[in-house]
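# Structure assessment
Here are the chains, one letter per residue:
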Amino acid sequence: PNLARKYGIGNIYVKDESHRFGLNAFKGLGASYAIHKVLEQNPDVGIFCTATDGNHGKAVAWAVRISGKKAVIFVPNDTTEDRIRAISNEGAEVIQTESNYDITCDIAVETSAKNGWQLVQDTALENYIEIPAQIMAGYLTMLKELEDSLNIMPKPKADIVFLQAGVGSFAGSAIWYYLNRYGINRPKIVIVEPSEADGIIASFKANKRVGSECSFNTIMAGLNCGIPSLTAWDIIKSGADISMKVDDIFAEQAIRELYYPQGGDTRIIAGESGAAGLAGLIAIMKTSGFKPLIKELNISPESRILLFN
């Protein structure tokens, strides 16, 4: 409530995923569900593979480890040693490529096909739909957990929901949920991306799914992706009200706002990508270039905002 008062809005709710499964991220929900479904159909799968810019790979490594299997995780050339170590600590073999995220995904697809490994990628492609859909289904847990507090019927208690996006699987999952649960009563939905990895906005501008032509130089590493997931894009283009991109400085400010709370607000520990939703809100409320969005989203001193950390 105190942070909301600072920015002149009614209330801010944060769904804090920083404690989920001890992974400090929500990604375990999608990876564990998809791997569970794969092993239901084929218990003899020995090696799972994916490409990642961070938390998805860690989640796959964790879910594979607790399933008693082996994981091979490909990471882009700009992945930090800390992220590589976090994935390795879950028992996976980590291979760092010399390429960006999109090409690293291609390498994972090709290597999995060549070696007979099971790909568990969160980006849907023309002939690769089912597992990304299962990953998105796993993410629905976060939304369903709010059904006794915010996601009540017949209307949600949140007026506007901010969703950060990399390839868009989480954002697509949340939009699907709100469209199907509420229809015309759904909250307004804002997609937030880094300025230097803006595949969603680029796709809106092109009116088709395209890759970003940015530098991919952002501290929001978990969102540092190029072309959106095929399935996620189909949902996002049907259900997002606003798509925006923000500079890293807003993510830094959002982390500080959550870590050094206003008044009696709860301290929340967020990473750069986890704080991206709040970064988008701060940018709207404090930057002249985003002022038209205040009117577009009907943000007022009574507005109730939902963020996901």
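These remarks concern the structure in this document. (Residues numbered from 1 in each chain as written. Predicted model: local features only at pLDDT ≥ 70, side-chain atom pairs only at ≥ 80, totals over all residues. Heavy atoms only, no water.)

## Observations concerning the overall build of the protein chain
This is how the line gets drawn: Put simply, DSSP H or I for four residues or longer makes a helix, DSSP E for two residues or longer makes a strand, and each gets a number counted from the N terminus. Using C-alpha atoms as the atom set, the radius of gyration is obtained and then compared with a globule rule of 2.2 Å times the number of residues to the power 0.38. Buried means the residue's accessible area, taken with a 1.4 Å probe over protein chains only, is under 20% of the maximum for its type, while exposed means over 50%, and partly exposed covers the values in between. We call two residues in contact whenever any of their non-hydrogen atoms come within 4.5 Å of each other.
Tallying secondary structure elements over the protein chain gives 12 helices and nine strands in all. Computed over its C-alpha atoms, the radius of gyration of the protein chain comes to 19 Å, within 12% of the 19 Å expected for a compact globule of 309 residues. Along the longest, intermediate and shortest principal axes, the C-alpha atoms of the protein chain span 55 × 40 × 40 Å. The 309 residues of the protein chain split such that 54% are buried. A fraction of 70% describes how many contacts in the protein chain between residues 6 or more apart in sequence connect residues 24 or more apart.

## Notes on the packing of aromatic side chains
Defined as follows: Each aromatic pair joins two rings of Phe, Tyr and Trp (for Trp, the six-membered one) with centres within 6.5 Å, and gets the label stacked for planes under 30 degrees apart, edge-to-face for over 60, and tilted for any other angle.
Within this structure, the stated rule accounts for eight aromatic pairs. On the basis of an interplanar angle of 75° and a centroid distance of 5.0 Å, the ring pair of F26 and Y139 is categorised as edge-to-face. Placement of F26 in the loop between β1 (11-15) and α2 (27-41) and of Y139 in helix α6 (residues 130-144) is noted, with a sequence separation of 113 residues between them. A single burial state applies to F26 and to Y139, both of which are buried.

## Structural notes on the state of the cysteines
Selection rule: Note on terminology: pairs of cysteine sulfur atoms within 2.5 Å are recorded as disulfides.
Across all of its chains, the model carries zero disulfides by this definition. Left without a disulfide partner, C105 is nearest to the cysteine sulfur of C225, which lies 7.3 Å away.

## What about the environment of E145?
Put simply, the test is: What qualifies as a polar contact is a pair of N or O atoms within 3.5 Å, subject to a donor-acceptor requirement within protein and to the restriction that residues adjacent in sequence count only when both atoms come from side chains.
Of note, E145 is situated in the loop between α6 and β6 (160-164). Take E145: its relative accessible area is 37%, and that puts it in the partly exposed class. Along the chain, E145 and K15 lie 130 residues apart, while their C-alpha atoms are 9.5 Å from each other. With residues near it in sequence (within four places) discarded, E145 still touches K15, E17 and R20. Engagement of the side chain of E145 in a polar contact is seen with the side chain of R20, the distance being 2.8 Å.

## A closer look at unusual backbone geometry
That bond from M153 to P154 is cis: its omega, 5°, falls within 30 degrees of zero. By the secondary structure assignment, P154 is in the loop between α6 and β6. Phi is positive for N24, close to 60°, though the residue is something other than glycine. Checked against the element boundaries, N24 lands in the loop between β1 and α2.

## Some points on the nonpolar core
As a reminder of what qualifies: Remark: nonpolar core denotes a set of buried residues (Ala, Val, Leu, Ile, Met, Phe, Trp, Tyr, Cys) joined through side-chain atoms within 4.5 Å.
Counting residues in hydrophobic clusters, the biggest one holds 64 residues, and the most contacted among them are L163, I191 and F308. Filtering out sequence-adjacent residues up to four positions away, L163 remains in contact with F170, A171, A174, I175, I189, V190, I191, V192 and F308. The next biggest cluster of nonpolar side chains, apart from the first, holds 35 residues, and it includes I12, I160, V190 and A270.

## Considering the sheet that holds strand β2 (residues 47-51)
Rules: Strand pairing requires that DSSP identify at least two bridges connecting the strands. A fitted line through C-alpha atoms represents every axis, and for helices the fit uses only the stretch in contact; the resulting angles, taken between N-to-C directions, go from 0 to 180 degrees.
Spatially, the four strands line up as an open sheet ordered β4-β3-β2-β5, and their pairing is parallel. Two strands close off the open sheet at either side, each with one partner strand: β4 (93-96) and β5 (118-119). Pairing geometry for strand β3 (residues 70-75) and β4, over four bridges, is parallel. Along β4, the bridge assignment pairs V72 with E93. Against the sheet, helix α3 (residues 55-66) engages β2 and β3, with an angle of about 170° to β3.

## A few points about the pattern of salt bridges
As a reminder of what qualifies: Take a side-chain nitrogen of Lys or Arg and a carboxyl oxygen of Asp or Glu: if they are within 4 Å of each other, that pair is a salt bridge.
The full count for this structure, using the stated rule, is 16 salt bridges. The salt bridge involving E17 is made with K15; its shortest N-O contact spans 2.7 Å. The exposure class assigned to E17 is buried, which follows from its relative accessible area of 2%. The partner of E145 in a salt bridge is R20, and the shortest N-O contact between them spans 2.8 Å. Of this pair, E145 sits in the loop between α6 and β6 while R20 is found in the loop between β1 and α2, placing the two residues 125 residues apart along the sequence. R20 sits in the buried class, given a relative accessible area of 14%. Residues joined in a network through salt bridges with shared partners are K15, E17, R20 and E145.

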